Structures are given as structure tokens and as C-alpha cells.
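If you want the building blocks of each chain, they are given just below.
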Amino acid sequence: MRLSDVLSKPITTDFVQIEGFLNNRKLKTGVSKKLTVGKVALNFYCNNCSDQRTFYSSDELFCIGVNQKTVSIDCVLECPRCGASVQTWFLVECREEDDIHSLYPYVRIAKRGERFSEFVSLNTENYGDFTEALEKAKRAARESFGAGSIVYLRKVFERIITQTAEATNPPIETKKSNGKPMPFRQILDSVKTQCNVIPDEFSEDGYRLFGELSDVVHGDYDEEEALMKFDAFFRLVTGVLEKIKTNRELMDAIGSLGWHSGGGKVE
């Protein structure tokens, strides 16, 4: 496996072994070097093409030394059809027992950042209008903003349950007579009874999920604990979305939860 293979995959906590890219020579802090390690390929939505595309880097990447365990990688990824571009940055680290310049180091992506132009946006296919909020949550987690990442997940979970309630036949009340929102737990319990959109494996813990998401937002978790639980929270929230996507009757009733309109977008 080459460095470009790691950079082209989703971020993971696991270290993977790759072919060395620094020729067993140390790269001093702040010193840059061109690398020929294959093209980086990542999926984005091209606004010019109105479609999801795989964006590619050039054959050369730019590497800057940070320390013996870490390097920074910079590249520009382009749409192969129209040339729209995304500036992308990676912080790559190796295991404690390795050096980053080793012949066959074990590495992982510590952080990844993107700077989008007006012609490119995040992938909008998997969960429609909710994809952007989910991607922002992942990006916040990659930047070590634990509470910030959880805020997005909580908004998605709350919005999807409320919108599902409003789409049932007959609709489940989500507001009191004075126009104020009903307690979320009451809405969630009604949705669970009528729509069965909570995945079976955690159907008893739907409100606990929302409660724990809220605990993070309200400061009851520290940043490190929020980051540790992020992956589990993310799987649970997307599990709700997957459950709804497979419910044809509910999809028809709710208009795909706004996935074909602006109704479900989470800001």
C-alpha cells in the first residue's frame, strides 16, 4: 500500500503499513519535499457538473516535515471533467515505535481539512440534505472539536424525528397549543410507536441517545470524551436515517424527508 491509498480512504484510528515515502531520510521541521506516491482520489459534489465526482490530485504531492512522527501533506484535487478544485491538507502520523521516514512505517491520518471553492461542495448523495450536516460533524471530529461535532449529530437526530412525526398519517403533534415545541421525548415515543424508525438494536435507547447527545452539547462531557463517543453516536444517528430510507411507505409520505426539497436541511 502506498501513501496515496491511505489518503484516499476514510479516516480511521487504525495504523496501516505503507511503502516508505521519504527514502529512509529524516525530513526536518518546516522543510518541504515533493512526493511521487500516486494520486489522491476523494469524492465530492461538483456544482458545475451537478453530480458527484471523484476528484484527483496530480502525480506530485507536497510534504512538509513536522517531527519524526508526523508530516503535513498538501495537494489540490480536481474534477476530471471540468477542473473544479478542492484544496486538501492532511496531517499524517506514524506509530510511537516507528519513525515517519522509515522504509515501511505504519501510518494513519490524524487530521484532514478541505477548502472548497464555489464550484464544489460535500457529497450530497447518501442522505440527501442531511449529508452536509453529517459531513460537517465528521470534519469537526477530525479537527478535535468534540462538542461541535456532536451538535451537528443532535440537530440531525432531532430534526429527523420531528419531521417523521409531522409526516405520519395522521400527523403526530410536535407543538403545544401555544405554538411551543412539545417535549422531544414525547415526540420520540410517539414516533417509535407509530413508525418504527428506530433500529431494532437500540430501539429501547432512542431517548438515551438524544440525552447523551444533549449532555455533550450542554458541557457534561469533556472534549476528549465527546470524541471517544463520536463514532458510536454517528453510527446510531445514521442508523435511524438508514431505517427510514428502507421504509417505502414513510418515504412516500414524507417526500423523502425533504431529500428532494429543502425541508430536511440542517444548518
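For every chain, the first residue of the written sequence is number 1, and numbering continues from 1 onward in sequence order. For a predicted model such as this one, the threshold for reporting local features is a pLDDT of at least 70, and the threshold for listing and counting side-chain atom pairs is 80 or more; totals across whole chains, interfaces and linings nevertheless cover every residue. As a rule here, side-chain values come from all non-hydrogen atoms in the structure, and water together with hydrogens is ignored.

Participant: How do you make sense of the overall build of the protein when you look at a structure like this?
Facilitator: Along the backbone of the protein there are seven helices and nine strands. For the protein, contacts bridging at least 24 residues in sequence account for 61% of all contacts bridging at least 6. In this description, accessible areas are obtained by the Shrake-Rupley approach with a 1.4 Å probe, and a residue is regarded as covered only by the protein chains that are shown. Only carbon and sulfur atoms are counted for the fraction: they give 44% of the accessible area of the protein, which is about 14,200 Å². Helix and strand labels come from DSSP, where a helix needs a run of H or I of at least four residues and a strand needs a run of E of at least two; each type is numbered from the N terminus. Contact criterion: two residues are considered in contact whenever any of their non-hydrogen atoms come within 4.5 Å of each other.

Participant: Is there a simple way to think about a negative patch on the surface in this case?
Facilitator: Patches in this entry comprise residues that are over 30% relatively accessible and not in a salt bridge; like charges within 9 Å are linked, as are nonpolar side chains (Val, Leu, Ile, Met, Phe, Trp, Tyr) within 5 Å. Between Lys or Arg on one side and Asp or Glu on the other, a salt bridge is scored when a side-chain nitrogen of the former is within 4 Å of a carboxyl oxygen of the latter. Asp and Glu count as negative and Lys and Arg as positive, but His and the ends of the chain are not part of the count. To locate a charge, the coordinates of NZ of Lys, CZ of Arg, CG of Asp or CD of Glu are taken. A contiguous patch of negative charge on the surface is contributed by D222, E223, E224 and E225. Mapped onto the fold, D222 is located in the loop between α5 (206-217) and α6 (223-245). Accessibility here uses a 1.4 Å probe with only protein chains present; expressed as a share of the type maximum, an area under 20% marks a residue as buried, one over 50% as exposed, and anything in between as partly exposed. With relative accessibility at 46%, the residue D222 sits in the partly exposed group.

Participant: I tried to follow the pattern of salt bridges on my own but got confused; where do I start?
Facilitator: Opposite charge on two side chains makes pairing possible when the charged atoms of those side chains draw close. Following the criterion strictly, the structure yields nine salt bridges and no others. With a shortest N-O distance of 3.1 Å, D98 and R95 are connected by a salt bridge. D98 sits in the buried class, given a relative accessible area of 12%. The exposure class assigned to R95 is partly exposed, which follows from its relative accessible area of 23%. Each of the salt bridges in this network shares a partner with another, and the network as a whole consists of R95, E97 and D98.

Participant: Is there a simple way to think about α6 in this case?
Facilitator: The periodicity of an α-helix, 3.6 residues per turn, causes residues three or four places apart in sequence to face the same way. In this scheme, a helix's expected span is set at 1.5 Å multiplied by one less than its residue total. Compared with an ideal rise of 1.5 Å per residue, which puts 23 residues at 33 Å, α6 spans 32 Å between its outermost C-alpha atoms and is within 8% of the ideal. A maximum bend of about 45° is found in α6 at F230. Looking only at α6, the buried set comprises A226, F230, F233, F234, V237, T238, G239, V240, L241 and I244. Two axes are fitted around each residue, one to the seven residues ending there and one to the seven starting there, and the angle between them is reported as the bend at that residue.

Participant: Looking at this structure, I do not really get the state of the cysteines. What am I missing?
Facilitator: Here a disulfide denotes a covalent bond joining the sulfur atom of one cysteine to the sulfur atom of another. By convention in this document, the label disulfide applies to cysteine sulfur atom pairs within 2.5 Å. Taken as a whole and judged by the stated rule, the model has zero disulfides. The closest cysteine sulfur to the non-disulfide-bonded C79 is located on C82, 3.8 Å from its own sulfur.

Participant: What is the right way to look at the pairing of strand β4 (residues 51-56) in this model?
Facilitator: Looking along a regular strand, one sees side chains alternate from face to face of the sheet. At least two DSSP bridges between two strands are needed for those strands to be called paired. When strand β3 (residues 41-46) meets β4, the two strands line up antiparallel, connected through six bridges. For L42, the partnering residue across the bridge sits in β4 and is F55.

Participant: Mind showing me how you'd approach the packing of helix α2 (residues 131-142) against α6 here?
Facilitator: Between two packed helices, what matters for the description is the angle formed by their axes and the separation of those axes. Between α2 and α6, the shortest axis-to-axis distance is 11 Å and the interhelical angle comes to 170°. Compared by their axis directions, α2 and α6 come out roughly antiparallel. Between α2 and α6, the residues in contact are L134, A137, K138 and A141 and L227, F230, F234, V237, T238 and L241, respectively. Three categories are distinguished: nonpolar for Ala, Val, Leu, Ile, Met, Phe, Trp, Tyr, Cys and Pro, charged for Asp, Glu, Lys and Arg, and polar for the others, with Gly belonging to the last. Here the contact of α2 with α6 is built from residues that sort into eight nonpolar, one polar and one charged. Where helices are involved, their axes are fitted lines through C-alpha atoms of the stretch in contact, as for all axes, and angles between N-to-C directions lie from 0 to 180°. Roughly parallel refers to an angle under 35 degrees, roughly antiparallel to one over 145, roughly perpendicular to one between 65 and 115, and oblique to any angle outside these ranges.

Participant: Could you clarify how one ought to interpret the side chain of H101 in this entry?
Facilitator: Its location among the elements puts H101 in the loop between β7 (85-94) and β8 (106-116). Judged by its relative accessible area of 9%, H101 is buried. Excluding residues within four positions of it along the chain, H101 makes contact with L22, N24, R25, K26 and Q68.

Participant: Could you clarify how one ought to interpret the environment of L3 in this entry?
Facilitator: As for its placement among the helices and strands, L3 is situated in helix α1 (residues 3-7). With a relative accessible area of 1%, L3 lands in the buried category. Residues L3 and V107, spaced 104 residues apart in sequence, show a C-alpha to C-alpha distance of 8.6 Å. If near-sequence neighbours (up to four positions away) are discounted, L3 is found in contact with I18, F21, L35, V37, I73 and V92.

Participant: What is the right way to look at the environment of V86 in this model?
Facilitator: Along the chain, the position of V86 falls in strand β7. Overall, V86 belongs to the buried group, its relative accessible area being 0%. Note: C-alpha distance between V86 and S57 (29 residues apart in sequence) is 9.3 Å. Excluding anything up to four places from it in sequence, V86 contacts F44, F55, C75, V76, L77, E114, R115, F116 and V120.

Participant: Looking at this structure, I do not really get unusual backbone geometry. What am I missing?
Facilitator: As a rule of thumb, non-glycine residues mostly have phi less than zero, and peptide bonds are mostly trans rather than cis. Notably, N23 is not glycine yet its phi reads approximately 55°, a positive angle. Turning to its location among the elements, N23 is positioned in the loop between β1 (16-17) and β2 (32-35). A positive phi is found at N24, a non-glycine position, where the angle reads about 60°. Mapped onto the fold, N24 is located in the loop between β1 and β2. A residue is classified by how much of its surface remains accessible, and N24, at 44% relative accessible area, is partly exposed.

Participant: Would you mind showing me how to read the environment of L122 here?
Facilitator: If you trace the backbone, L122 turns up in the loop between β9 (120-121) and α2. In the structure, L122 is positioned 70 residues away from Q52 in sequence and 8.9 Å away in space, judged by C-alpha atoms.

Purely spatial values, then, with no claim about function.
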